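Given next are the chains, with one letter for each unit.
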Amino acid sequence: MDVRIFVETVFESGEVRTHDVGKIYRPHENARPEGLGLRLNEAKRFLKRLQEAVLCDQIDEALEAKRNCRACEKQRAIHDDRGRNLDTLYGRFRIKAPRLRQCPCEAAAGKTSPVLRSPLSDWYSERATPELQRLQAELGARHSFREAAQLMETFLPCAPQHNTTVRNRLGRIGETLEATKAAQVETSADVKSSPLTVFLDGAHIRCLPEFQKRHLDVVVGKIENPNMSRRFGLVQQASKSPAKQLRNDLLMQG
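Residues numbered from 1 in each chain as written. Predicted model: local features only at pLDDT ≥ 70, side-chain atom pairs only at ≥ 80, totals over all residues. Heavy atoms only, no water.

### Observations concerning the pattern of salt bridges
This structure, assessed with the given rule, holds 12 salt bridges. As a salt-bridge pair, Asp-57 and Arg-17 come within 2.9 Å of each other at their nearest N and O atoms. With Asp-57 in helix 1 (residues 40–66) and Arg-17 in strand 2 (residues 16–25), the pair connects residues that are 40 residues apart, well separated along the chain. Taking the relative accessible area as the measure of exposure, Asp-57 reaches 3% and is therefore buried. Of the charged contacts, one joins Glu-64 and Arg-67 as a salt bridge, the two residues approaching to 3.8 Å between their closest N and O atoms. For Glu-64, a relative accessible area of 40% gives the class partly exposed. (Salt bridge = Lys/Arg side-chain N within 4 Å of Asp/Glu carboxyl O. Helix = DSSP H or I, 4+ residues; strand = E, 2+ residues; numbered from the N terminus. Buried < 20%, exposed > 50% of the residue type's maximum accessible area, 1.4 Å probe, protein only.)

Next up, the structure:
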């Protein structure tokens, strides 16, 4: 049996592109149980090629649309294209990130910069897709950073993962959540207070000698009022200010 996989992209302009993703050869004479269906290494290879085809076509179409000047609808010229690396769940790819020249009508309107930044630069601010960052943060919160990186490399055709990358991205997401919570606290400062019940508990967790090299002091709790309840937990060594976090949770309840 010979299985061939192709991807066809139909653009809004009507253009059609076909990409050869790959093929699988399964001779029936040598059929074995481990050869049934897709193998993990084959699936990872196909996913990477499929991601490359979809990603590159999507960026090409978006660039063509964003090159048009809003005033005269003529295409701006490309000044240069150094390209950028973009990490996704299904691989690391070198993608286009051209800088555009100013349209003559924009120059006549008095705009001084002759070269504009890449119209897709906001897409690559972290050099990684949001989906990849979310998975790194979720696995990093559930496992050790090194184990999270190994899990991703085992099941996904992503670029080699590093425990420091997982740690840093989890930290940035945590800072974003803390900033969001602080903003919510400010907006709820005028909420009328109501009776509260606060439950607190803690535990000291010793590390396994062969696994990690640190002990953890964990604090968990729940804040209740007649309308709602809020649970929280923190590791004292990892939290910048455990008291401030508890105080913010109390303020959010009024």
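Text resumes after the structure shown.
### Section: the environment of Gly-202
Among the secondary structure elements, Gly-202 is positioned in strand 8 (residues 197–205). Along the backbone, Gly-202 and Val-218 are 16 residues apart, and their C-alpha atoms lie at a distance of 5.5 Å. If we ignore the near neighbours within four places in the chain, the residues touching Gly-202 are Val-218 and Val-219. (Contact = heavy atoms within 4.5 Å.)

Fair warning: the whole summary comes from geometry, so function is off the table for now.
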